[in-house]
Each structure stands twice: as structure tokens, then as C-alpha cells.
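Okay, here's what each chain looks like letter by letter:
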Amino acid sequence: MMTSSDVRGVAPAMSVPVTCLVTVLFALSSWGSFTNTRFSYLGPILVVGVLIVGTGISARLLRVHGSVVVLLQLLLGTIATSLLVVHHPFPVAGAGRARLVAVMTEAYAAFNPFDLPMSGPDVAPYLIPGGVAAVLLADILAITLRRPPMMGLVVLGVFTLPFSIIGAGGWGGVSWVVFVFTATSFLVMLRLDRAQQLGRWGRRLDEDLPPAPAAGPAVIGVSAVVIALLTPAWMPAPNVTLPGLGPGDGNGPLRVINPTVGLYDDLRRQSDQVMVSVTPVDGDTKTPPSYLRVGVLTKFTGTEWTSGNRDVPADHTGIATFDPPMSDETLLGEATTYRLKASDNFQSTWLPIFTHPLEVTARGPWRYDEDTLDFMSTEGRDETVAGQEWEMTAAPVEPSQERLLAAGDPGVSAPPGMTNLPLLPDKIEEIALARTAGEDSPFAKAVALQNWFRHSGEFTYSLERDVGTDGAALLDFLTDNKVGYCQQYATAMAVLARELDIPARVAFGFLGGDQDEDGVWQFRGRDLHAWPELWFEGIGWIRFEPTPAAADTREPDYTTGALGNARNEPEAPLPSAGTSVAPVPNRPQREAPDTAEVADTGDEGSSTGPLWIGLGIVVLAGAIVLAGPTVIRRRRRAARLRGDAEDGWTELGATAIDLGLPWSGNRSPREEALGLAPHLQDREPMVALQRIVTAVERNRYAERRVAAAVGDDVRLVAATLRKHADRRARRRAALWPASVFRRRVAAPATEGPVTRSERELISS
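Residues numbered from 1 in each chain as written. Predicted model: local features only at pLDDT ≥ 70, side-chain atom pairs only at ≥ 80, totals over all residues. Heavy atoms only, no water.

1. Here we look at the overall build of the chain
Here's step 1: Scanning the chain for helices and strands turns up 21 helices and 21 strands.
Here's step 2: A sequence separation of at least 24 residues applies to 75% of the contacts in the chain between residues at least 6 apart.
Here's step 3: When the accessible area of the chain is evaluated, it comes to approximately 35,800 Å², of which 57% is carbon and sulfur surface. (Helix = DSSP H or I, 4+ residues; strand = E, 2+ residues; numbered from the N terminus. Contact = heavy atoms within 4.5 Å. Areas by Shrake-Rupley, 256 points an atom, 1.4 Å probe, with all protein chains shown as cover.)

2. Re the sheet that holds strand S12 (residues 366-368)
Here's step 1: Spatially, S9-S13-S12 is the arrangement adopted by the three strands of the open sheet, whose pairing is antiparallel. Each having just a single partner strand, strand S9 (350-351) and S12 make up the two edges of the open sheet. (Pairing = 2+ DSSP bridges.)

3. Brief notes about a negative patch on the surface
Here's step 1: On the surface, Asp409, Asp426, Glu429, Glu430 and Asp501 cluster together into a negatively charged patch.
Here's step 2: With respect to the helices and strands, the residue glutamate 429 is situated in helix H11 (residues 426-435).
Here's step 3: The exposure class assigned to glutamate 429 is partly exposed, which follows from its relative accessible area of 36%. (Patch = residues over 30% accessible without salt bridge, like charges linked within 9 Å, V, L, I, M, F, W, Y side chains within 5 Å. Salt bridge = Lys/Arg side-chain N within 4 Å of Asp/Glu carboxyl O. Lys, Arg positive; Asp, Glu negative; His and termini not counted. Charge placed at Lys NZ, Arg CZ, Asp CG, Glu CD. Buried < 20%, exposed > 50% of the residue type's maximum accessible area, 1.4 Å probe, protein only.)

4. Observations concerning the environment of aspartate 193
Here's step 1: Tracing the chain through its elements places aspartate 193 in helix H7 (residues 176-199).
Here's step 2: Judged by its relative accessible area of 10%, aspartate 193 falls in the buried class.
Here's step 3: Remark: the alpha-carbon pair of aspartate 193 and valine 16, spanning 177 residues in sequence, is separated by 6.0 Å.
Here's step 4: In this view, aspartate 193 contacts Val16 and Pro148; residues no more than four positions away in its chain are not counted.

5. Topic: the pairing of strand S19 (residues 521-524)
Two faces make up the sheet, and in a regular strand the side chains alternate between them.
Here's step 1: Across the two faces of S19 the burial is the same, with Trp521 and Phe523 and Gln522 and Arg524 all buried.
Here's step 2: Alignment of strand S2 (residues 274-283) against S19, held across four bridges, turns out to be antiparallel. Along S19, the bridge assignment pairs valine 276 with phenylalanine 523.
Here's step 3: Here strand S18 (residues 514-515) runs beside S19; their pairing, made up of two bridges, is antiparallel. When the bridges of S19 are listed, aspartate 514 appears paired with glutamine 522.

6. Thoughts on the pattern of salt bridges
Here's step 1: Evaluation of the coordinates by the stated rule reveals 18 salt bridges.
Here's step 2: When the shortest N-O distance is used, the salt bridge between arginine 293 and aspartate 374 registers 3.2 Å. Of this pair, arginine 293 sits in strand S3 (residues 292-297) while aspartate 374 is found in the loop between S12 and strand S13 (375-377), placing the two residues 81 residues apart along the sequence.
Here's step 3: Across the pair arginine 633 and glutamate 651 runs a salt bridge whose closest N-O atoms are separated by 2.9 Å. Within this pair, whereas arginine 633 is found in helix H15 (residues 609-641), its partner glutamate 651 is found in helix H16 (residues 645-658), the two being separated by 18 residues in sequence.
Here's step 4: Residue glutamate 651 is classed as buried on the basis of its relative accessible area of 2%.
Here's step 5: Beyond isolated ion pairs, a larger network of salt bridges with shared partners links Arg633, Arg637, Arg640, Glu651 and Asp658.

7. A closer look at the nonpolar core
Here's step 1: Core analysis: the largest hydrophobic core is formed by 80 residues, its most contacted members being Val276, Phe453, Leu478 and Phe536.
Here's step 2: A total of nine residues in this core trace back to one element, the largest contributor, which is helix H14 (residues 486-499).
Here's step 3: Counting 48 residues, the second-largest nonpolar core is a separate cluster that includes Val16, Ile45, Ile143 and Phe186. (Core = buried A, V, L, I, M, F, W, Y, C linked by side-chain atoms within 4.5 Å.)

8. Structural notes on the packing of helix H2 (residues 39-61) against helix H5 (residues 124-144)
Here's step 1: Where H2 meets H5, the closest approach of the two axes is 9 Å, and the angle between their N-to-C directions is 25°. With respect to each other, H2 and H5 are oriented roughly parallel. H2 and H5 meet at a crossing whose hand is right-handed. Across the interface between the two elements, Ser40, Tyr41, Pro44, Ile45, Val48, Gly49, Ile52, Val53 and Arg60 of H2 pack against Ala124, Leu127, Ile128, Gly131, Val132, Val135, Leu136, Asp139, Ile143 and Thr144 of H5. (Axes fitted to C-alpha atoms, helices over the stretch in contact; angles between N-to-C directions. Parallel < 35°, antiparallel > 145°, perpendicular 65-115°, else oblique. Left-handed = near helix turned anticlockwise from the far one by under 90°.)

9. A closer look at the packing of aromatic side chains
Each aromatic ring pair is specified by the distance between its two centres and by the angle formed by the two planes.
Here's step 1: Inspection of every chain in the model, using the stated rule, returns 20 aromatic pairs.
Here's step 2: Positioned above the aromatic ring of phenylalanine 459 is the side chain of lysine 482, whose terminal nitrogen or guanidinium carbon lies 5.3 Å from the ring centre.
Here's step 3: The ring of tryptophan 541 is capped by arginine 505, whose NZ or CZ atom sits 4.0 Å from the centre of that ring. (Phe/Tyr/Trp six-rings, centres within 6.5 Å; stacked < 30°, edge-to-face > 60°. Lys NZ or Arg CZ within 6 Å of the ring centre and 35° of its normal.)

10. So, the sheet that holds strand S14 (residues 389-394)
Here's step 1: Ordered by their spatial adjacency, seven strands build an open sheet running S7-S11-S14-S8-S2-S19-S18, and the pairing between neighbours is antiparallel. Of all strands in the sheet, those with a lone pairing partner are strand S7 (319-321) and S18, marking the two edges.
Here's step 2: Sheet topology places strand S8 (residues 336-342) next to S14; six bridges connect them, and they run antiparallel. Residue pairing in the sheet places threonine 337 in a bridge with threonine 393 of S14.

11. Here we look at helix H18 (residues 683-701)
Here's step 1: Over its 19 residues, H18 runs 27 Å from end to end, which matches the ideal 27 Å to within 8%, given 1.5 Å per residue.
Here's step 2: What H18 keeps buried is the set Pro685, Ala688, Leu689, Ile692, Val693, Ala695, Val696, Glu697, Asn699 and Arg700.
Here's step 3: Turning to H18, the residues buried within the fold contact H16, helix H17 (669-676) and helix H19 (711-724). (Expected span 1.5 Å × (residues − 1).)

As C-alpha cells, then:
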């Protein structure tokens, strides 16, 4: 069996790489900000990481050059990652490339339009390659280049990603548990690396002395971690979220950069689960409630709508009373008080409210944006609306069509920045002008745009989503494709309205829900929807509905007939071949991303062929990695048996270590031989062992070295040791020789002839 000294010999070759991998995996768990199912990306990263680390360990034991080690790790890591993500080892052409495009397209779509986190594994294909790259880079820095402290940059980059994409105010905070485990693992890796570097110098001269305390570095490291965790608790900086403890309780503004809600997965899955229940308690309890808004997106980047930067003062809490949203109170209908309750499945950091609130009572860490009246959680993912109850009073907007048609161009009271657009193709502005030609007022132009999308433009509502959201994709949607779902229609109309200098934004939330037998209105995941809101002088924000009627979305009453369109809306055109329409007629149906089509070869087994080939490659590579120690052992044995007595003695020690026999490498030759003698039993190998010991002693201690070949004696003694060892020891010695992992098998001989004084020769 393997002794404790053998374990100490194996540890240096594996401890630092394995600890490095564990550190990166701890850090990568912070990417749970992107998905609620961490195993969907951490599992594959762990598998590929073990392959990368194992390849590195074996190749370095084979004394392969560092650049070749990195190339091997890169090759095997890429193949394994491709197999796990797209089930193809080399997705560079043909069906493999098509599958890669399809998977990545769906993963990209998972980030839009309602941000993160996802409740499913849809974003995993984006996270897995990034995580594997982090593991490979950390291994290169810490092991190949022998710069473990620089590996901290990889950890920093991993932690930075959620903050840079999501923002510290949303779901991007790093859990203090993740931070502590990552920091602790990193410190352990540095300690193991330092011990390994010192061990290369050989035996300590003072190892027989009492060990000196080494608590100083540990105290410094632990103190640094504690300070990093506790500092955010008392710093008066509410706009900064540090690991785990969130913002302080200062009185400054909270800047919400990129708020996130857990809606998009339900939008795609068309969940039938109830997300929000609304009970009318006072006022107009007979009229169905209007759209239930979750939030609005006010900034168009050219690829997506975002919430922009929000300054939310600390005194804008969740218990608030608002002035009527319109300058003229006669535009509002009867006020109604509602009691709302969110289900435990509704993981939203925004609080759903009706469009025109007069009073809101929501207890908890909620603050509102005065410009949009969006209510947002100040605690990010640590405090969502799930399971909470709140009340609000709202009044529907009932402007007359005549009043809207009379509204002039936006004046000084118009909300700032709501007509800003990035650089877009000139053709988009031309479309906006052409579709509103002959209309004078802003409202008439807005209705003309809505009518074009719903009636005359031959647009089709479909489950398919077009690939891409940049200016070129938007232009293709407006001119050629014309197939989309609510998010694309809301985006397109808001952009066209801004091209006409009409303030516009995109709202998202729920369509009108279903009423149960108790009179409670239930808004389900399938009711998720997006729509544009346009601002008109002297009136305010008004909802429009450009999504075609095939989704059972009805245009607002104040737009019907404004330009002569019929009150009874015609059926939307049927989609062309290859597209899908919603099977349920009263909901905007499942809005799944379009995926690239993969050519059907007609051979059912052909799609699995590349998978088996790739798995075969990985298995072959793994077999080569596992066979590495055996190959090293055979090469060393052949070289030592051709050498002198010292080489033969080293080979004898390696054989003893492989078989689990007592051999320290620090005792004298006679002491080591006494430990092997009971395992020989026969006289001839005992005599051969004595000849080996004598040759080694003469080589080490005689006045001049005697170059004696002991190869035959070593073969005889080694064969006898293997013969009398048990079967398990022989099998372990053949498949996983422990001596390969020992830095030191025998005490080094003194180089050159030994010069001894005359007094020493006489006394000896």
C-alpha cells in the first residue's frame, strides 16, 4: 500500500492545478446571475476542466514542453466543449456549423428582451465556452507560467462579468458565500504553490527542529477577506454593491443601470402559471383592468431597448401618493383600488402596477422613478416581488379622440431624451415619413403607424423570431421579413415614432388577465406582452398596440376609426410556409427564437455519427493521459538499468515505491536494504542485493568512484520483489506507478571523486 511519504510525493504534482480549478469554479458560480440553474453551465465546465487539468498534469510529468502542453489542453478542451454544447467535435462546417449557429442563436435570444436571470439553461451555451476559457487561462498562468498570483486576474474578470452586463443594482451582486469560498481557495492555492517551490530545494536543514509558526500569512489573508466582506456594511455608498451585503443605508440616489426581471423564460415557454393575482376592492370593480405594466424601457442602443440610467432618490419609497398623471384630470376615468399578490414563481425585481397610479402601498425595499413611475427593488436579487402583496389605486386614461388629434408638436414640457436614436439606416426614417405622409398631427401619425402594422402593411404575428436586433435586422423586419411578435412590433413602432420626433418608449408587462369565479383577475406567464407608449403635448403617455390581431391584441378605443379604419378589425394575414401561428387564440403565444435549419440528410444515425467520433477522440485522449505515468516509468527503468550503481539503486528504490514497500530515500543503503530483505526470501536475490549495496557504498564513500554495472542484479531483485508482492500491488505498480510522482527516490550521490584527508583514511 502507498505510504504517507508517497502521498506527500504525489501531492505537489496535483495539488496546485486542482486547487486552481476549484478556485475558478467557485468564482464561476457567480454567473448564476444569468441563470437560476447553475448546474446547466457549471457541470459541463467541471467536466472539461478536469480534462484540461488532467492533461496538463500528465503532460508535465512526461516533461513535455510548456507550449505543447497548452496546445494539447486547448485542443482537447475545444473538442470536449463542442461535444457538450453542440454535440459535434468540430462544428466548423456542414451540419456541425449549422447546429452551432442554431444553439448560439437561441442562447443569444435568451438575453433579450427582458434581461435576466433565466429560469432555464438557455444561456448555458454562452457561459460554458467562457468558463472553459477561464479555467484554461488560469491553468496557464498558475501552472505553465508559474505565476499563481496572476491567476487572481482571471477570478477578477469572472466576478466582473455579472456587474458589467447586469449591474450591481440588479441580479449581478456576488454572494458573500461565493466570495469567501473563492478567496479561501485562492489563498490555499498560493500556500501550496509556495510549499512546492520550497520543496524543490530538497530536505530542510532544520526539519528536526520544532516547526516555526506560519500563522502570519494566514492571518493577513483571512483579515483581507473579512475586511472585503464587512466594509460595504458601513460605507455610505448606496450606489455601490459589494459582495454579499449590498448597498449601505446612505441618503444619496440609487442608480439603477440595467434592471432585470425573470420574465423572458416564461415569455418563451408560455407558462400557464399564475404570476400576479389582482382583486378589485373599491371603485369600478366591474370593468376589466387594463394592461398590468411591469416597467418601461426608455433607451434604444441600436440593438436593444434598455431602462437607461435611473436616479431614484431614497425618499421615493414604495408607499407613495401621486398627482394625476395628466395635466387635465378630466382625462381620467373612475379610480379603482386593487389588491395585488405575486406568486412565488414571479422572480421580478420590478413591482407590477397599472399604468396610471394615484396611490401605491408596497412595503419593503421599493423605490420609484419619478419620470416613469416604475417601482424597483433596492436589494436586487435578494428581494424580489415573489410572494408579496401590495395595494394601489389607479385611474384609466380616457382622452377623447378629438383631444388627441388636436395635440400639437411636443413642447418644452416633453420628457427629455425620449426622441434620441443611435445611428440607423436612412431607409428607416424614409419608411416613417412615407407611412405617415399626409398626416399633420403627431397622434394622426402614430395611428397611421399602428394601422400599417395591424392592417395595411401585411405583417404577420408568428412564433418565429428573426435573428438579430440591430439596425439591419430592424430594416429587414420593416421591409422584407414582416414576421414577428410583440417585442419586435413594439420596438419597431417606438423607433419609427422617434424618427418622427414623437417621444416614445417600450413598456412590458401583462395583457388583461382571466377572471376566476371569485372575481379575481389572474395574470399568467402566457399573458406577457410588450407595447409602445407615445407622449402627446398636454395629455401625457398613451398606449398603442401595433401587434397584429392574430395575437388577440385589440387596438385602444381612442385610436379606432381615427383615420377611417374599420371598428371590426380584419384577420391578420396567415403566415407563410415555415412559420408558426399561436394555437391559442386569446394570447400572444409562445415567442420562441428562430433557430437555424439543419439540413436533413435522411440518415437518422448520421447526426449521432460526429458525436460518437468526438467521444471516441476524447476517450482516446483520456487513455493516452492515463497511460502517461506507465510510459514514463518504462523509459526511466530502461535508462537506469543501463547506468552505473547509483542509477541501479534509484531503479530499485522506484520498484519498492511502486509496490508499496518501505523506502524513504533518506536512509543509508544498508538501512534501505534491511527494509527490503524480508520481501526477498530467496538466497540468490539476497546476495544480489548485497552486491548492489556494496557497489553503491563504494561509489559514494570510496576515495575514488568505482563505475560498476549492477543492471542484472537490479533486474533479479526487482523481479523477486514483484513475485512476492500481492496482486493488487503489482497491478497498481503497472497501471499507476507511484514513483513517477516522487521528486526524490534515492539520495543523490556526491559528484566527482571523493577527496579524503590522510587522517580520515587512517581512522576509517
